[in-house]
Amino acid sequence: MTSSFSNLMLAEPLARAVAEMGYETMTPIQEQAIPVVLSGQDVMGAAQTGTGKTAAFSLPLLQRMLKHENASTSPARHPVRALVLLPTRELADQVAQQIKLYAKYTNLRSTVVFGGIDMKPQTLELKKGVEVLVATPGRLLDHIEAKNAVLNQVEYVVLDEADRMLDIGFLPDLQRILSYLPKQRTTLLFSATFSPEIKRLAGSYLQNPVTIEVARPNETASTVEQHFYSVIDDDKRRALRQIVRQRGITQAFVFVNSKLGCARLARSLERDGLRTSALHGDKSQDERLKALAAFKAGEVDLLVCTDVAARGLDIKDVPAVFNFDIPFNAEDYVHRIGRTGRAGASGLAVSFASGGNDARLVADIEKLIKKKIELEPVEFEEDRPRGRINDGRRHWREEGEAGDARDVLDQPRERRDADARRGGGGRPHRAPAAPRDPFFDKPYEPGQPDATPAWEAAAKAAAPGRGISSNIKPKRKVAALFKSAEPS
Ligand code: AMP
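Residues numbered from 1 in each chain as written. Predicted model: local features only at pLDDT ≥ 70, side-chain atom pairs only at ≥ 80, totals over all residues.

Asker: If you had to explain the overall build of the chain to someone new, which residues and values would you point to?
Answerer: In terms of regular secondary structure, the chain is built from 19 helices and 16 strands. Relative to its full complement of 488 residues, the chain shows a buried share of 43%. Here the contacts in the chain between residues at least 6 apart in sequence split such that 75% fall between residues at least 24 apart. (Helix = DSSP H or I, 4+ residues; strand = E, 2+ residues; numbered from the N terminus. Buried ≥ 20, exposed ≤ 12 C-beta atoms within 10 Å, placed from the backbone. Contact = placed C-beta atoms within 7 Å.)

Here is the structure:
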C-alpha cells in the first residue's frame with residue numbers, strides 16, 4: 001500500500017514544499033505516522049534514518065503549528081513550540097536543514113543549536129524567536145541555563161534516535177530538559193530498537209503512544225551486495241585501494257572502530273592519493289561539517305568515519321561501504337551498510353576480517369542478519385612487486401598502485417557516475433592528477449633504518465615462510481568479483 005502526498009490534505013505551503021522536494025508517494029513510516037501525529041497522539045516509532053522519518057514527524061507538526069504562524073517581527077510572537085532532540089551535531093544539522101525546506105513557504109521559523117561551536121550566533125537566533133528548535137541535549141541545557149531558550153510553550157517534542165541518545169549517556173540531560181516542558185504536549189519518540197531502556201523512557205514520558213514499526217531493525221537491504229574478505233591488518237589498505245580501482249567505485253564510507261584509527265587511516269589514504277576526509281568525535285564541529293559538506297558535494301571520495309559520527313547521516317547514493325574494521329556490535333553492521341543500496345539502488349558492502357576477535361564478531365553478524373557469511377580470500381592483482389618507486393613521499397610504494405586508484409577517483413564526478421551506471425565496466429578514464437598535498441613535494445627523507453616496505457611486510461605476513469611468487473594466480477571467485485575493470 002503506497003499512497004500519495006496529495007491524499008494527505010496538507011496545507012498549500014507544505015504541499016508546495018513537498019512537491020518541490022520531488023516527493024510523490026509517502027514512505028511506509030510517513031503513511032503510518034503522519035495521520036497519527038496530525039491527530040495529536042503520542043508516537044513510539046521504530047524506524048531508521050533513511051526511511052523518511054524526518055518528514056514523517058515534521059510535516060504533521062508544521063501543519064499543526066500553522067495556526068500560530070505570523071509575520072510579526074516581535075520575538076514574543078515566535079515562542080518555541082516544537083523541540084526536536086537528537087544525539088549528534090551532524091544529525092541535528094541535517095534534520096534542521098530538512099525542516100527549513102519543509103517550512104520554507106510558511107512564516108514558521110526554525111533553528112538548530114549544538115555544541116562545539118560558539119554560542120553567540122545561536123543565542124541571537126533564539127532571541128529573535130523560533131517556533132521549531134532542533135538541538136542536541138547538552139547545548140540546549142547551556143542555552144536554557146543562559147535563559148536564551150524558554151520552553152514553557154512547547155507543544156511538541158521529538159526524541160529522535162532515542163536509543164543512541166541513551167547509549168551516549170544523555171538520559172540525565174533528557175530528564176532535565178523534559179522537566180522544563182509543559183505536561184500537556186505531544187511526544188514522539190523514534191528509535192532503531194525498542195530496548196527495555198527505551199520502553200522505560202517511553203513509559204515515563206509518553207501518554208498512550210501509538211506504536212509504529214516499519215522495517216525490522218535488523219534487516220539488511222536486499223539491494224546490497226555483501227562481501228567479507230579475510231585479510232591481515234597490514235593488507236587492508238591495499239585491498240581497499242584495489243577494490244576501489246577494480247570496481248570503479250566513485251564514493252564510499254570507510255568505517256573504523258576507533259577515533260585514532262580513523263584519523264590515521266584517513267591520513268594514509270590521503271597519502272595514497274585518494275581524496276579522503278575523516279569524521280570522528282575529536283574533530284572540531286567546523287571540521288566535521290566541512291568534511292560532510294565536501295563528501296556530499298562529491299569533492300571527497302572516501303569518508304573515513306566512526307559509528308557515532310556517522311550514525312543516521314542522510315547521505316544517499318553512496319555506491320559502497322567498507323568495514324575496514326568489523327564493528328564490535330553486530331547492529332552497527334546493519335547501520336553501516338544501510339548507507340548504501342538505499343531506495344532500491346544497488347550497493348556494495350565490503351568487510352575486512354583479520355583474525356583475532358573478528359571471527360566471533362562475524363559470527364554475531366551472521367546470526368543477526370540471518371545470512372550465511374563466506375569469508376573470501378583477497379587475491380591481489382600481483383603478489384609480486386612490479387618494482388619500487390619513490391614517489392616523493394616518505395615511503396616506497398608499489399609501482400602503479402596508488403596511481404591506478406587515483407585514475408578512477410580523479411575523473412570528473414559526472415563521468416565517474418556515468419561509468420558506474422553503465423556497470424562500472426571499461427577502463428577508467430585518465431584525467432590530470434589532482435593537486436598534490438604540499439607534503440608530497442618535500443624532499444625525500446629516508447624512513448626508519450629498519451622500516452620494511454609496506455608491500456614486503458604485507459607479502460611476508462600473507463605467506464609466511466614462502467617467497468613472493470609471481471606465479472600465484474588469483475582465485476576465480478575473486479577474479480569474477482573484480483572482472484568489471486581491467487587496469488591499464
Ligand atoms: P530521513 O529518513 O528522514 O533521513 O530521510 C531520508 C531521505 O529520504 C531524505 O533525503 C529525504 O529527503 C528523503 N525522503 C523523505 N521522504 C521521501 C519521500 N516520500 N519520497 C522521496 N524521498 C523522501
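Asker: I'd like to hear about the sheet that holds strand S2 (residues 82–85), residue by residue, with values.
Answerer: Strand order across the open sheet formed by seven strands is S3-S4-S2-S5-S6-S1-S7, with parallel pairing between neighbours. At either end of the open sheet lies a strand with only one pairing partner, and these are strand S3 (110–113) and strand S7 (210–213). Mean inter-strand twist for the sheet, computed between neighbouring axes without regard to direction, equals 15°. Direction of pairing for strand S1 (residues 43–46) relative to S7: parallel, over a ladder of four bridges. For Val43, the partnering residue across the bridge sits in S7 and is Val210. (Pairing = 2+ DSSP bridges. Axes fitted to C-alpha atoms, helices over the stretch in contact; angles between N-to-C directions.)

Asker: Can you lay out the environment of Gly169 for me, pointing to particular residues and giving the numbers?
Answerer: Looking at where Gly169 falls in the secondary structure, it is placed in the loop between helix H7 (162–168) and helix H8 (171–179). Among the residues examined, Gly169 registers 9 C-beta atoms within 10 Å and is labelled exposed. Each C-alpha atom of the pair Gly169 and Pro87 lies 9.7 Å from the other, and the pair is 82 residues apart in sequence.

Asker: Break down unusual backbone geometry for me, with residues and values.
Answerer: Positive phi values are uncommon outside glycine, yet Met9 reaches one of about 60°. With respect to the helices, strands and loops of the structure, Met9 is situated in the segment before helix H1 (12–21). For Met9, a count of 9 C-beta atoms within 10 Å corresponds to the exposed category. Backbone geometry at Asn208 places phi at a positive 40°, although glycine is not the residue there. With respect to the helices and strands, Asn208 occurs in the loop between helix H9 (196–205) and S7.

Asker: Give me the lowdown on the nonpolar core, citing residues and values where you can.
Answerer: Ranked by internal contacts, the top residues of the largest apolar core, which has 67 residues, are Ala33, Leu83, Leu85, Ala92, Val134 and Ala135. Look past the residues within four positions of Leu85 in its chain and what remains in contact with it is Ala135, Pro137, Val158, Leu159, Asp160, Leu174 and Ile177. (Core = buried A, V, L, I, M, F, W, Y, C linked by C-beta atoms within 7 Å.)

Asker: Mind laying out the pairing of strand S8 (residues 224–230), listing which residues take part and the relevant values?
Answerer: Pairing analysis gives seven bridges linking S8 to strand S13 (residues 347–353), with the strands arranged parallel. The residue bridging Gln226 from the neighbouring strand is Ala349, located in S13.

Asker: Mind laying out the sheet that holds strand S9 (residues 252–255), listing which residues take part and the relevant values?
Answerer: Ordered by their spatial adjacency, seven strands build an open sheet running S10-S11-S9-S12-S13-S8-S14, and the pairing between neighbours is parallel. Two strands lie at the open edges of the sheet, namely strand S10 (276–279) and strand S14 (375–377), each paired on one side alone. In this sheet, adjacent strand axes meet at a mean angle of 25° when their direction is disregarded. Relative to the sheet, helix H10 (residues 236–247) contacts S8, S9, strand S12 (320–323) and S13, its axis offset from that of S13 by approximately 160°. Across the face of the sheet, helix H12 (residues 285–296) comes into contact with S10 and strand S11 (302–305) while running at roughly 135° to S10.

Asker: Can you break down the environment of Glu376 residue by residue, with the values?
Answerer: Along the polypeptide, Glu376 turns up in strand S14. By the C-beta count within 10 Å, which is 17 here, Glu376 ends up partly exposed. Spatially, the C-alpha atoms of Glu376 and Phe352 are 9.6 Å apart, while their sequence positions differ by 24 residues.

Asker: Explain the packing of helix H2 (residues 28–38) against helix H3 (residues 53–65) to me, and be specific about the residues and the numbers.
Answerer: Their axes nearest at 8 Å, the elements H2 and H3 cross at an angle of 25°. Here H2 lies roughly parallel to H3, going by the angle between them. The crossing of H2 and H3 is right-handed. Residue-level contacts link Ile29, Gln30, Ala33, Ile34, Val37 and Leu38 of H2 to Lys53, Ala55, Ala56, Phe57, Leu59, Pro60, Leu61, Gln63 and Arg64 of H3. Looking at the contact of H2 with H3, its residues break down into 11 nonpolar, two polar and two charged. (Parallel < 35°, antiparallel > 145°, perpendicular 65-115°, else oblique. Left-handed = near helix turned anticlockwise from the far one by under 90°. Nonpolar A, V, L, I, M, F, W, Y, C, P; charged D, E, K, R; others polar.)

Asker: Which residues make up the pairing of S1, and what are the values?
Answerer: Of the two faces of S1, the one holding Val43 and Gly45 and the one holding Met44 and Ala46 are both buried throughout. The sheet contact formed by S1 and strand S6 (residues 186–191) spans four bridges and is parallel. Across the sheet, residue Ala46 finds its bridge partner in S6, namely Ser191.

Asker: Tell me about the confidence of the model for the chain, and name the residues and values.
Answerer: On average, the chain scores 79 in pLDDT, and the residues at 70 or more come to 74%. Taken as a whole, residues 384–488 scores under 50 in pLDDT and shows 122 contacts with residues more than four places along the chain or in a different chain. (pLDDT = per-residue confidence, 0-100.)

Asker: Any details on the environment of Tyr229? Residues and values, ideally.
Answerer: Along the chain, the position of Tyr229 falls in strand S8. With 22 C-beta atoms counted inside 10 Å, the residue Tyr229 sits in the buried group. Along the sequence, Tyr229 and Ala353 sit 124 residues apart, while their C-alpha atoms lie 6.0 Å from each other. With near-sequence residues (within four places) excluded, Tyr229 lies in contact with Ala239, Val350, Phe352, Glu376 and Val378.

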